[in-house]
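# Remarks on the overall topology
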Amino acid sequence: MSEPGTPLDRIDRALLRLLSNDARMSNKELAAEVGLAPSSCHARVQRLLADGWLRGFHAEVRPEAFGIGMRAIVFVRMARHAATLLEAFRGHVLRLPEVLDLYYVAGSHDFLLHVAVRDVDHLRRLVAERISTHEAIGHVETSLVFEHQHRSQWPDFSEPESSRSESRRK
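Residues numbered from 1 in each chain as written. Predicted model: local features only at pLDDT ≥ 70, side-chain atom pairs only at ≥ 80, totals over all residues. Heavy atoms only, no water.

What follows covers the overall build of the chain. Scanning the chain from terminus to terminus reveals 6 helices and 4 strands. Listed N to C, the secondary structure of the chain is α-α-α-β-α-β-β-α-β-α in terms of helices and strands. Since a compact globule built from 170 residues should have a radius of gyration of about 15 Å, the 21 Å found for the chain marks it as more spread out than a globular shape. Counting only C-alpha atoms, the chain reaches 55 × 35 × 35 Å along its principal axes. (Helix = DSSP H or I, 4+ residues; strand = E, 2+ residues; numbered from the N terminus. Rg over C-alpha atoms; globule rule 2.2 N^0.38 Å.)

Moving on: the side chain of Arg-90. Mapped onto the fold, Arg-90 is located in helix α4 (residues 83-94). By relative accessible area, which is 19% here, Arg-90 ends up buried. (Buried < 20%, exposed > 50% of the residue type's maximum accessible area, 1.4 Å probe, protein only.)

With 12 residues, α4 ought to run about 16 Å at 1.5 Å a step, and its terminal C-alpha atoms sit 16 Å apart, in line with that. Every buried residue of α4 is accounted for by Leu-85, Leu-86, Phe-89, Arg-90 and Val-93. For α4, the arc enclosing every buried residue in end-on projection is 135°, short of the 170-degree limit, so these residues lie on one face. With respect to the buried face of α4, the exposed residues turned more than 90 degrees away are Ala-83, Thr-84 and Leu-94. On its buried side, α4 packs onto β1 (70-78), β2 (99-104), β3 (111-117), α5 (120-131) and β4 (137-145). (Expected span 1.5 Å × (residues − 1). Arc of directions from axis to C-beta. Contact = heavy atoms within 4.5 Å.)

Our next topic: the sheet that holds β3. Pairing between the strands of a sheet comes from backbone hydrogen bonds, and it takes one of two forms, parallel or antiparallel. Overall, antiparallel pairing links the 4 strands, which are arranged β2-β3-β1-β4 in an open sheet. The sheet terminates laterally at β2 and β4, the two strands that pair on one side only. Geometrically, the sheet is characterised by an average inter-axis angle of 20° between neighbouring strands, direction not taken into account. One ladder, built from 7 bridges, connects β1 with β3; its direction is antiparallel. (Pairing = 2+ DSSP bridges. Axes fitted to C-alpha atoms, helices over the stretch in contact; angles between N-to-C directions.)

Time to look at the nonpolar core. In globular proteins that are soluble, nonpolar side chains generally tend to be buried together. In terms of nonpolar packing, the biggest core is built from 21 residues, with Val-76, Met-78, Phe-89, Leu-113, Val-115, Leu-123 and Ile-131 touching the most fellow members. For this core, the secondary-structure elements that each account for two or more residues are β1, α4, β3 and α5. Take this core: its biggest share by element is 5 residues, from β1. Dropping the residues within four chain positions of it, Val-76 is found in contact with Phe-89, His-109, Asp-110, Phe-111, Leu-113, Ile-131, Ile-137 and His-139. One finds Ala-14, Met-25, Ala-31 and Cys-41 within the second-largest nonpolar core, a separate group that totals 13 residues. (Core = buried A, V, L, I, M, F, W, Y, C linked by side-chain atoms within 4.5 Å.)

Okay, here's the thing in structure tokens:
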């Protein structure tokens, strides 16, 4: 993935923070929050989209609406770490509709897959028949997700720690 374009300033980060918290905010509300004219605010949001800093707008939907009764984390350790096998596995699992998120990680596992399924039988078939049968797999473990909380807003570490500390003291 390439790096987004134009560097961000304080107003850009404020717009991203506001939109990540509520993507349905109107342009008029956004403009008032950041102290811009609505036309300038609209232009900034369009630039954030064009430059790749803002990647889309999403609705948060209850999984039960789609018949999802269970989620799990599947921990995958590769048998071999050849680049072609890693890419093949990545492509394979990203084509599975049950895979919500894929994390390529360092540590005792190589990939973490966040999956959504109807029930335990669906999970068993997914792991046993569609994930662990891939030629690159060495070991698979599965953990059920009892509860999932998602934070849509990223922490802002764009300023050095010393600057953040000084602004809090003022």
